[in-house]
Amino acid sequence: MKILFLRHGLTAGNLERRYIGTTDEPLCSKGFIQLGTLSCPRCDVVVSSPMKRCIQTAELIFPGQDIVAESNLRECDFGDFEGKNYIELSGNSDYQKWIDSGGKLPFPNGESLSGFKERCTSVFENTVRKYQNTSSVAFVVHGGTIMSILEKYAVPHRDYYDWHCENGHGYCCEWNGSELHITEKI
């Protein structure tokens, strides 16, 4: 099965380097322009996070196709860091602890990285099982969602943060039922 992972286009929060997880932020004008130049292969099924930025991206890239919104593909809940950027968080002791942990501590009043990864990989597993008789599935999601799935299934193995991709970019993969093989970086 061919799998496409595409990170949503730019939002105002992305441009300001803010932690935007639970905020249901739409694409900004630069995001619409950026996606207008993107060419992705057609996919039989389009699955998306329910957040506006992902739905708008999916509608632009796959016009006229039905979009299956999966609530558990949403971005991580950044808790107390939500809506803030690193400048606003500098001097915050909880933020410094999180940085010192290599991003492994749970977000204060938010989600743990391990819980987030489990949520994302579980939905991925259920989705590929559900659509196992189709030839291609597109996931229009968030950067952290892509990183979670690729960390667990991509070969060769790379760590979570090594799979970071910019807005409006992603990966084309082949799924063999247990592993993802990257065929192209978008």
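Before reading further, recall that the structure is shown in the block above.
Caption draft 1: View of the overall build of the chain. A tally of regular secondary structure across the chain gives 7 helices and 7 strands. Along the chain direction, N to C, the helices and strands of the chain fall in the order β-α-α-β-α-β-α-α-α-β-α-β-β-β. Here the C-alpha radius of gyration of the chain, 16 Å, is about what a compact globule of 186 residues would show, namely 16 Å. With the C-alpha coordinates of the chain rotated into their principal frame, the extents come out at 50 × 35 × 25 Å. Within the chain, counting contacts between residues at least 6 apart in sequence, those at least 24 apart form 69% of the total.

Caption draft 2: Expanded view of helix H6 (residues 113-130). The end-to-end C-alpha distance of H6 is 26 Å, a good match for the 26 Å that 18 residues give at a rise of 1.5 Å each. Of all the positions in H6, only Leu113, Phe116, Lys117, Arg119, Cys120, Thr121, Val123, Phe124, Thr127 and Val128 are classed as buried. Where H6 is buried, its residues contact strand E1 (2-7), strand E2 (45-48), strand E4 (136-141), helix H7 (143-153), strand E6 (170-175) and strand E7 (180-185).

Caption draft 3: Representation of the sheet that holds E1. One open sheet holds the 7 strands; their spatial order is E3-E2-E4-E1-E6-E7-E5, and the pairing between them is mixed. This sheet does not close on itself; its edge strands, each paired only once, are strand E3 (67-69) and strand E5 (154-155). Here H7 sits on the sheet in contact with E1, E4, E5, E6 and E7, set at roughly 145° to E1.

Caption draft 4: Structural view of the side chain of His142. As for its position among the elements, His142 is in the loop between E4 and H7. Those residues in contact with His142 that lie beyond four places of it in its chain are Arg7, His8, Ser49, Met51, Arg53, Cys54, Leu73, Arg74 and Glu75.

Caption draft 5: Here's a closer look at the side chain of Glu25. Turning to its location among the elements, Glu25 is positioned in the loop between helix H1 (12-15) and helix H2 (29-36). Residues in contact with Glu25, not counting those within four places in the same chain, are Thr11, Ala12, Gly13, Asn14, Ile20, Lys52 and Arg53.

Caption draft 6: Geometry of the packing of H6 against H7. It is the contact of H6 with H7, at a shortest axis distance of 9 Å, that shows an interaxial angle of 75°. Here H7 runs roughly perpendicular to H6, going by the angle between their axes. Mapping the contact onto sequence places Phe116, Lys117, Cys120, Thr121, Phe124 and Glu125 in H6 and Gly144, Thr145, Ser148, Ile149, Glu151, Lys152 and Tyr153 in H7. Broken down by class, the residue content of the contact of H6 with H7 amounts to 5 nonpolar, 4 polar and 4 charged.

Caption draft 7: Geometry of unusual backbone geometry. Here Val155 and Pro156 are connected by a cis peptide whose omega angle stands at 0°. Tracing the backbone shows Pro156 in the loop between E5 and E6. The phi dihedral of Arg17 falls on the positive side, at around 60°, and the residue is not glycine. By secondary structure assignment, the location of Arg17 is in the loop between H1 and H2. Accessibility expressed as a relative area gives 59% for Arg17, which makes it exposed. Residue Asn109 is not a glycine yet carries a positive backbone phi of 60°.

The rules we used
Residues numbered from 1 in each chain as written. Predicted model: local features only at pLDDT ≥ 70, side-chain atom pairs only at ≥ 80, totals over all residues. Heavy atoms only, no water. Helix = DSSP H or I, 4+ residues; strand = E, 2+ residues; numbered from the N terminus. Rg over C-alpha atoms; globule rule 2.2 N^0.38 Å. Contact = heavy atoms within 4.5 Å. Expected span 1.5 Å × (residues − 1). Buried < 20%, exposed > 50% of the residue type's maximum accessible area, 1.4 Å probe, protein only. Pairing = 2+ DSSP bridges. Axes fitted to C-alpha atoms, helices over the stretch in contact; angles between N-to-C directions. Parallel < 35°, antiparallel > 145°, perpendicular 65-115°, else oblique. Nonpolar A, V, L, I, M, F, W, Y, C, P; charged D, E, K, R; others polar.

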